[in-house]
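# Examining the three-dimensional arrangement
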Amino acid sequence: MSDGHRVIPIIASSFERRKATRLDASVVSRDGLLGPVQDTLGRPITDLRISVIDQCNLRCGYCMPKEVFTKDYPFLPREALLSFEEIEKLVAAFIPLGVRKLRITGGEPLLRKSVEELIARLAQLRTSDDQPLEIALTTNGLLLEQKAAVLKAAGLKRVTVSLDALDTNLFRELAGVDYGEPAQVLSGVAAARALGLETKVNMVVQKGVNDHQILPMARAFRDSGDTLRFIEFMDVGNANQWRLDQVVSAHEILEKLRSAFSFRPVDRAKKHDVAERFVYDDMPVEFGVIASITRPFCSNCSRARISSEGLLYTCLFANTGTDLRTVIRSGPETDELTAIVRNIWSLREDRYSEIRNTLTNASGSGQRPKVEMSYIGG
Ligand code: SAM
Ligand code: SF4
Ligand code: SF4
């Protein structure tokens, strides 16, 4: 148990390593609260996204442009990454606050050695009402076919695969590499589905770049039965030089789909789901749009994110995080960690997407510094 007086150092942002604060665990736990936490806007914390590696085998221009993420890029050394034991301890600390869903991400999470061992550990944890955690993984799919069986055996329930084009040349151009095939990714999706994993496919749509793939992608995943989700290109990080005129809006995506298919909306499965869902009229297959830019959903945002070196971010567009790795390496009890996270979440005010236009100019240029997607994990 906590001794109630231990002072735990927290470096507020090792991302920019600018600020340092000290939190006193006795102060943050003095409210004596138990159970789920809410932030200043009444939002709970239900989902935790954990980046397990900052490296990737692709160089998607919107995430890790190859001009920035060169072979000399200073990726984190192995000892800087949270160990599986540390991740497990952190997750256990988040559970009393209301977390039920975990997403393992990256960089490319399938590059993290023995990631299935981490999943097996996390699959043993139970929510506050004694349910298993819902564990999902987001991957670019290149290694999925060979890893699907061990991931499933470890306790993975869902996999989201990112794929932005079915055309091989465009796939490579978007991925910034001269290898890999969409067919390889599709085989990974098929292998996961055949094993009984719930599969989703994410497509980030960029104007004049891959918007002509909207209909071919919709057809392919209507036929396979996988849920395809079209994602508006977001201004995450600063490396991708995002501009508003590169975004294809959810409205435009739906108009394009209406030119070929008939479909109707279905209710969001859960209040905190980010995707607007639709089902085709002539077959029971769903698709979705995630309109972070044109229809922000900050008021329902219940996600926390932990970077691969253990910084906690309460918004995808944050520029500072809280260094939980330093905390965890100082050997706290789980309830001390829980108290610290409770304090951070209870002070949360983030609603970047709702106030984007007041923070950037209309074109989206002139942005403030933000954490990169490959570091925080999406
Ligand atoms: N490497 C894995 C993958 O690509 O699925 C996991 C990490 S990746 C950062 C997670 C998700 O973020 C992917 O679906 C990717 O398409 C999405 N993403 C990255 N940068 C984005 C951006 N600027 N706008 C929208 N989505 C983005
Ligand atoms: Fe890698 Fe995923 Fe980022 Fe593409 S989106 S560069 S696959 S981390
Ligand atoms: Fe959540 Fe931040 Fe995205 Fe709003 S902008 S939905 S607060 S991650």
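Scope of this entry: the structure provided in the associated data block. (Residues numbered from 1 in each chain as written. Chains lettered and ligands numbered in written order. Predicted model: local features only at pLDDT ≥ 70, side-chain atom pairs only at ≥ 80, totals over all residues. Heavy atoms only, no water.)

In this section: the overall build of the protein chain. Broken down by element type, the protein chain carries twelve helices and 14 strands. Within the protein chain, residue pairs in contact and separated by at least 24 positions form 72% of the contacts whose partners lie at least 6 positions apart. (Helix = DSSP H or I, 4+ residues; strand = E, 2+ residues; numbered from the N terminus. Contact = heavy atoms within 4.5 Å.)

Turning our attention to the packing of aromatic side chains. The description of an aromatic ring pair uses the distance of the two centres, along with the angle that the planes make with each other. On inspection of all chains with the given rule, the structure shows eleven aromatic pairs. Every member of this aromatic cluster is reached through a ring pair, and the members are Phe 230, Phe 261, Phe 263, Phe 278, Tyr 280 and Phe 287. Over the ring of Tyr 280 we find Arg 222, and its NZ or CZ is 4.6 Å from the ring centre. (Phe/Tyr/Trp six-rings, centres within 6.5 Å; stacked < 30°, edge-to-face > 60°. Lys NZ or Arg CZ within 6 Å of the ring centre and 35° of its normal.)

This part takes up unusual backbone geometry. Its identity as a non-glycine residue notwithstanding, Ser 114 has a phi of 55°, on the positive side. Structurally, Ser 114 can be placed in the loop between strand E4 (101–105) and helix H3 (115–123). A positive phi angle is found at Asp 130, which is not glycine, with a value near 65°. Looking at where Asp 130 falls in the secondary structure, it is placed in the loop between H3 and strand E5 (134–139).

Let's shift gears to the site of ligand 2. Near ligand 2 you find Cys 56, Leu 58, Cys 60, Tyr 62, Cys 63, Met 64, Gly 107 and Asn 140, and these make up its full shell. Class assignment for the residues of the shell around ligand 2 results in six nonpolar, two polar and no charged. (Near = heavy atom within 4 Å. Nonpolar A, V, L, I, M, F, W, Y, C, P; charged D, E, K, R; others polar.)

The local shell around ligand 1 holds 18 residues, among which Tyr 62, Gly 107, Thr 138, Ser 162 and Met 234 are the closest. Within the backbone of Thr 139, one N or O atom sits 3.2 Å away from an oxygen atom of ligand 1. Here an oxygen atom of ligand 1 and a side-chain polar atom of Ser 162 are 2.5 Å apart. Taking 540 Å² as the accessible area of ligand 1 by itself, protein coverage stands at 94%. Per-class residue counts for the shell around ligand 1 are six nonpolar, ten polar and two charged. (Polar contact = N/O pair within 3.5 Å; in protein donor to acceptor, adjacent residues only side chain to side chain. Areas by Shrake-Rupley, 256 points an atom, 1.4 Å probe, with all protein chains shown as cover.)

What follows is about the sheet that holds E5. The twelve strands are arranged E9-E10-E11-E8-E7-E6-E5-E4-E3-E12-E13-E14 in an open sheet whose pairing can be described as mixed. The sheet is open, and its two edges are formed by strand E9 (263–266) and strand E14 (322–323), each paired on a single side. When strand E8 (residues 227–232) meets strand E11 (residues 286–290), the two strands line up parallel, connected through four bridges. Residue Phe 230 lies in a different strand from E11, and its bridge partner there is Val 289. Set on the sheet, helix H2 (residues 84–94) makes contact with strand E3 (47–51), E4, strand E12 (303–306) and strand E13 (311–313); between it and E3 the angle comes to about 165°. (Pairing = 2+ DSSP bridges. Axes fitted to C-alpha atoms, helices over the stretch in contact; angles between N-to-C directions.)

Our focus in this paragraph is the pattern of salt bridges. Under the counting rule described, the total for this entry stands at 23 salt bridges. In this structure, Arg 126 and Asp 130 form a salt bridge, with 3.2 Å as the shortest nitrogen-oxygen distance. Exposure remark for Asp 130: the relative accessible area of 49% places this residue in the partly exposed category. Ionic pairing is found between Glu 286 and Arg 277, a salt bridge with its closest N-O pair at 2.5 Å. Among the charged side chains, a network of salt bridges with common partners joins Asp 39, Arg 43, Arg 348 and Asp 350. (Salt bridge = Lys/Arg side-chain N within 4 Å of Asp/Glu carboxyl O. Buried < 20%, exposed > 50% of the residue type's maximum accessible area, 1.4 Å probe, protein only.)

With that settled, consider the packing of helix H4 (residues 144–154) against helix H6 (residues 182–194). Two elements in contact, H4 and H6, have axes whose closest approach is 8 Å; the angle formed by their N-to-C orientations is 20°. One element, H4, and the other, H6, form an angle in the roughly parallel class. Remark: the crossing between H4 and H6 carries right-handed chirality. On the side of H4, the interface is formed by Leu 144, Glu 145 and Ala 148, while H6 contributes Ser 187, Gly 188, Val 189, Ala 191 and Ala 192. (Parallel < 35°, antiparallel > 145°, perpendicular 65-115°, else oblique. Left-handed = near helix turned anticlockwise from the far one by under 90°.)

Counting residues in hydrophobic clusters, the biggest one holds 108 residues, and the most contacted among them are Leu 48, Val 91, Phe 94, Leu 102, Ile 104, Phe 230 and Leu 257. Considering every element that reaches this core, the biggest residue donor is H2, with six residues. In this structure Phe 230 touches Met 203, Val 205, Ile 214, Ala 218, Ile 253, Leu 257, Phe 287, Gly 288, Val 289 and Ile 290, once residues within four positions along its chain are discounted. (Core = buried A, V, L, I, M, F, W, Y, C linked by side-chain atoms within 4.5 Å.)

Examined against the element boundaries, Val 279 turns out to sit in strand E10 (residues 276–280). Separated by 15 residues in sequence, Val 279 and Arg 264 place their C-alpha atoms 5.6 Å apart. Among residues more than four places away in sequence, those in contact with Val 279 are Phe 263, Arg 264, Val 266, Pro 284, Val 285 and Glu 286.

This brings us to the pairing of E12. Alternating residues of E12 divide into Arg 303 and Arg 305 and Ala 304 and Ile 306, and every residue in both groups is buried. Note that E3 and E12 share four bridges and pair parallel. Each residue of the ladder has a partner; that of Leu 48, found in E12, is Ala 304. Note that E12 and E13 share two bridges and pair antiparallel. Each bridged residue has a counterpart across the sheet, and for Ile 306 the counterpart in E13 is Leu 312. With antiparallel pairing between neighbouring strands as the criterion, E12 and E13 make up a hairpin whose turn holds four residues, including Gly 310 at a positive phi of roughly 90°.

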